[in-house]
Amino acid sequence: MLIINHISKIYNAGSDDEVRALQDVSVEVKKGEFLVVVGTNGSGKSTLLNLILGTILPTAGSVSIDGKTISHLPEHRRSPWVSMVFQNPANGTAPDLSIVENFRLAALRTGKKGLGIGNNKKFRQLVKEKVAALGMGLENKIDQSIGSLSGGQRQALTLLMGVMDKTSVLLMDEPTAALDPKSAKVVMELAEQINREMGITIILITHSMKDALQYGDRLIMFDAGKIVKDLNKDAKQSLTITELLEWFT
Amino acid sequence: MIQFYLTALQMALCLAPMAMGIFITMKVFNIPDITTDGSYTLGAAITAIMLTGGLPVSLALPACMLSGALAGTCTGIIHTKLKIDALLSGILVMTALYSINLIILGRSNIPLINTASIFIKSDWLGSELNGQLLTALTFVGIILTLLIYLLRTDFGIAMRASGNNPVMTKALGVNNDSIRITGLAVSNSLTGLSGFLVAQYQGFTDINMGIGIVITGLGSVLVADAIKQWFNVKKIGRQIMLVVIGCTVFQAVLAFTLSIGIDPNLLKLITATFVLLIVALPRLTAFTKHK
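Here is a short report on the structure shown in this document. The shown structure was predicted, so the numbers you read here are calculated from the model rather than taken from an experiment.

Quick word on the overall build of chain B
Okay, step 1: Secondary structure summary: chain B contains 11 helices and 2 strands in total.
Okay, step 2: From first element to last, N terminus to C terminus, chain B shows the α and β order α-α-α-α-β-α-α-α-α-β-α-α-α.
Okay, step 3: A compact globule built from 291 residues should have a C-alpha radius of gyration of about 19 Å, and chain B, at 19 Å, falls within 12% of that.
Okay, step 4: In terms of its C-alpha atoms, chain B occupies a principal-axis envelope of roughly 55 × 45 × 35 Å.
Okay, step 5: With 291 residues in all, chain B has 48% of them scored as buried.
Okay, step 6: Pairs at least 24 apart in sequence give 78% of the contacts found in chain B among residues at least 6 apart.

Encoded structure:
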């Protein structure tokens, strides 16, 4: 369970250019829930994700996951709970390293990066199997540098990498924004599969209204730093794309 | 004549650890580190003072590497914790080291005559130089093996990824700051080792011996980079081996310029020009292609 407790993020507090990115936001996300977040640019949804990930710290309030308060920890110490898929596939992978080396690092997200050779036969076999499941034919290219792949392939791999090690929450910030429709579909279906089969909580930010309706079992909308809509699965299912678009006007 | 080039090879092998250190900071971590000039002389200064003091080589070696690591750690801490530009951090530590080296040496030059030496002095291999070459080759071999191993470990993968994409490694639980400090420490301990080797090989330590040595290291890495591009070398282990080859090519070029009778005072100018050429040539050819 992820609990956002009365969280605020104010930039340049007290000055003329004060920005209230988030204002006293509270939300509880159940374990295994697939939460979709929509809102205009600057509404605060990315700020929320960054507060959970730890790239920024809150002005007030706290974030806790599975009973552990994490909002004061630096980003690199939150890895046991939080995993992130970035909007730009380039952010989530080290381009000059091979596919298998990227996976090795992802598999050690919460663990020690020690002085043993972990990139061994057994691990390579595991990566081959995981990658083969994508059906992209990458299982025979695991020694190829990951930067040589297409954006769609990289993003699908990032998603797999995100759950190579144990995690409670998988954050996705517009993961398909840079992808063609076909790759976007592969990535979204993979996310759904991960959520269903591994029971990992997903928080997805998207600007695609179609994706917002099609995927996930709860939908919230941000506006001016506050949550203005919160729909459960049933309410979300009966929502139409026209109604959803009206929220933005 | 052959003797002349073998001497260049010997020098290249002595400088190879430093070049590999520069490869780590420049290519693995993307940090331009020029602490090198200081940590190289530091290694040589400690070697001189310990060996003339009658201490064994087996103590001088770890002392040089540790002090180099310490210098690198200083640069790393200034760079990561105080958020000062890597280049400036290196310059600061390098400048400070000049005084420290002078304090260690006590004067500007210490000859190493009739002191203990890592190099085999006897000529059982045919000549004294052969023995020296063998010793240096063994050292480079050991360092090469250790580095290749290190870069293939989980820690090594984290190091390389951290230089390649720090945003990603941070999200993957890597402390980019401490891994960078470690990288700078490893790199400068190798530089200290080069100082240790060169001091004994040339038979003296001079306070100014480190000036511009970073260019030699950079040049070696750039030559290695050019070879890497030509032959499309991907494997990290092979890339490090290329650095040793790059270092040798670099020294050979310098030896050649000296052999055709160029004034040794112009050596630094030639070194700088050679490095400029290596960097500029690919760009110039790219320019003509676009035309």
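A closer look at the pairing of strand S3 (residues 34-39) of chain A
All names here are of chain A.
Okay, step 1: Most of S3 sits out of view: 6 of its 6 residues are buried.
Okay, step 2: The alternating pattern of S3 places Phe-34, Val-36 and Val-38 and Leu-35, Val-37 and Gly-39 on opposite faces, both of which are buried.
Okay, step 3: Summarising the sheet, S3 and strand S8 (residues 201-205) pair through 4 bridges and their orientation is parallel. Directly across from Val-37, in S8, lies its bridge partner Ile-205.

A short note on the packing of helix H5 (residues 128-152) of chain B against helix H10 (residues 236-259) of chain B
Residues and elements named next belong to chain B.
Okay, step 1: It is at 9 Å that the axes of H5 and H10 come closest, and there the two elements cross at 150°. Considering their axes alone, H5 and H10 lie roughly antiparallel with respect to each other. Seen along the crossing, H5 lies across H10 with a hand that is right-handed. Counted together, Val-140, Leu-144, Leu-147, Ile-148 and Leu-151 of H5 and Ile-236, Gly-237, Ile-240, Met-241 and Val-244 of H10 form the full contact between these two elements.
Okay, step 2: Class assignment of the residues belonging to the contact of H5 with H10 gives a composition of 9 nonpolar, 1 polar and no charged.

Comments concerning the pairing of strand S7 (residues 169-173) of chain A
The two faces of a sheet get side chains in turn, since along a regular strand they alternate between them.
Residues and elements named next belong to chain A.
Okay, step 1: The buried fraction of S7 is high, at 5 of 5 residues.
Okay, step 2: Where burial is concerned, the two faces of S7 agree: the one with Val-169, Leu-171 and Asp-173 and the one with Leu-170 and Met-172 are both buried.
Okay, step 3: Here 4 bridges tie strand S6 (residues 82-85) to S7, and the two strands are oriented parallel to one another. Note on S7: the bridge partner recorded for Val-85 is Met-172.
Okay, step 4: The sheet contact formed by S7 and S8 spans 5 bridges and is parallel. By the bridge assignment for S8, Met-172 is matched with Leu-204.
Okay, step 5: For the handedness criterion, the β-α-β arrangement of S7, helix H5 (residues 181-198) and S8 is classed as right-handed.

Overview of the sheet that holds strand S4 (residues 60-65) of chain A
Residues and elements named next belong to chain A.
Okay, step 1: If you walk across this open sheet you meet the 4 strands as S2-S1-S4-S5, and the pairing is antiparallel. A single partner strand is all that each edge strand has here, and the edge strands are strand S2 (19-29) and strand S5 (68-69).
Okay, step 2: Bridge count between strand S1 (residues 2-11) and S2: 7 bridges; the pairing is antiparallel. Bridge pairing links Ile-4 to Val-27 in S2.
Okay, step 3: Against the sheet, helix H1 (residues 45-53) makes contact with S1, S2 and S4, and its axis sits at roughly 65° relative to S2, the strand it touches most.

Structural notes on the sheet that holds strand S10 (residues 226-231) of chain A
All names here are of chain A.
Okay, step 1: Ordered in space as S6-S7-S8-S3-S9-S10, the 6 strands form an open sheet in which the pairing is mixed. The open sheet is flanked by S6 and S10, the only strands paired with a single partner. Across this sheet, the average inter-strand angle for adjacent strands is 20°, counted without regard to direction.
Okay, step 2: Two elements, S3 and strand S9 (residues 218-223), share 5 bridges in a ladder whose sense is parallel. Bridging from a neighbouring strand, Val-36 pairs with Leu-219 of S9.
Okay, step 3: Together, S6 and S7 form the strand contacts of helix H4 (residues 151-162), whose direction differs from that of S6 by roughly 180°.

Brief notes about the nonpolar core
Okay, step 1: By size, the foremost hydrophobic cluster in this structure holds 145 residues, and its most contacted members are Leu-171 and Ile-203 of chain A together with Ala-19 and Val-243 of chain B.
Okay, step 2: Broken down by element, the residue count for this core peaks at 13 residues, all from helix H1 (residues 2-28) of chain B.
Okay, step 3: If near-sequence neighbours (up to four positions away) are discounted, Ile-203 of chain A is found in contact with Val-29, Leu-35, Val-37, Leu-49, Val-169, Leu-171 and Met-172 of chain A.

Structural notes on helix H8 (residues 176-202) of chain B
Helical geometry note: an α-helix holds 3.6 residues per turn, so side chains three or four residues apart project in the same direction.
Residues and elements named next belong to chain B.
Okay, step 1: End to end, H8 covers 39 Å across 27 residues, agreeing with the expected 39 Å (1.5 Å per residue, within 8%).
Okay, step 2: Of all 27 residues that make up H8, 23 are buried, and the element is covered over most of its length.
Okay, step 3: Backbone geometry just after H8 places Gly-203 at a positive phi near 85°.

Some details on the interface of chain B and chain A
Okay, step 1: Each partner contributes residues to the interface: chain B has 19 residues there, and chain A has 27 residues.
Okay, step 2: For the side of chain B that touches chain A, the element with the highest residue contribution is helix H6 (residues 154-164) of chain B, accounting for 7 residues.
Okay, step 3: Grouping the amino acids of the side of chain B that touches chain A by side-chain chemistry returns 9 nonpolar, 5 polar and 5 charged.

Rules used in this analysis
- Residues numbered from 1 in each chain as written.
- Chains lettered and ligands numbered in written order.
- Predicted model: local features only at pLDDT ≥ 70, side-chain atom pairs only at ≥ 80, totals over all residues.
- Helix = DSSP H or I, 4+ residues; strand = E, 2+ residues; numbered from the N terminus.
- Rg over C-alpha atoms; globule rule 2.2 N^0.38 Å.
- Buried ≥ 20, exposed ≤ 12 C-beta atoms within 10 Å, placed from the backbone.
- Contact = placed C-beta atoms within 7 Å.
- Pairing = 2+ DSSP bridges.
- Axes fitted to C-alpha atoms, helices over the stretch in contact; angles between N-to-C directions.
- Parallel < 35°, antiparallel > 145°, perpendicular 65-115°, else oblique.
- Left-handed = near helix turned anticlockwise from the far one by under 90°.
- Nonpolar A, V, L, I, M, F, W, Y, C, P; charged D, E, K, R; others polar.
- Right-handed = clockwise from strand over helix to strand, strands pointing away.
- Core = buried A, V, L, I, M, F, W, Y, C linked by C-beta atoms within 7 Å.
- Expected span 1.5 Å × (residues − 1).

That is the geometry; function is a separate question.
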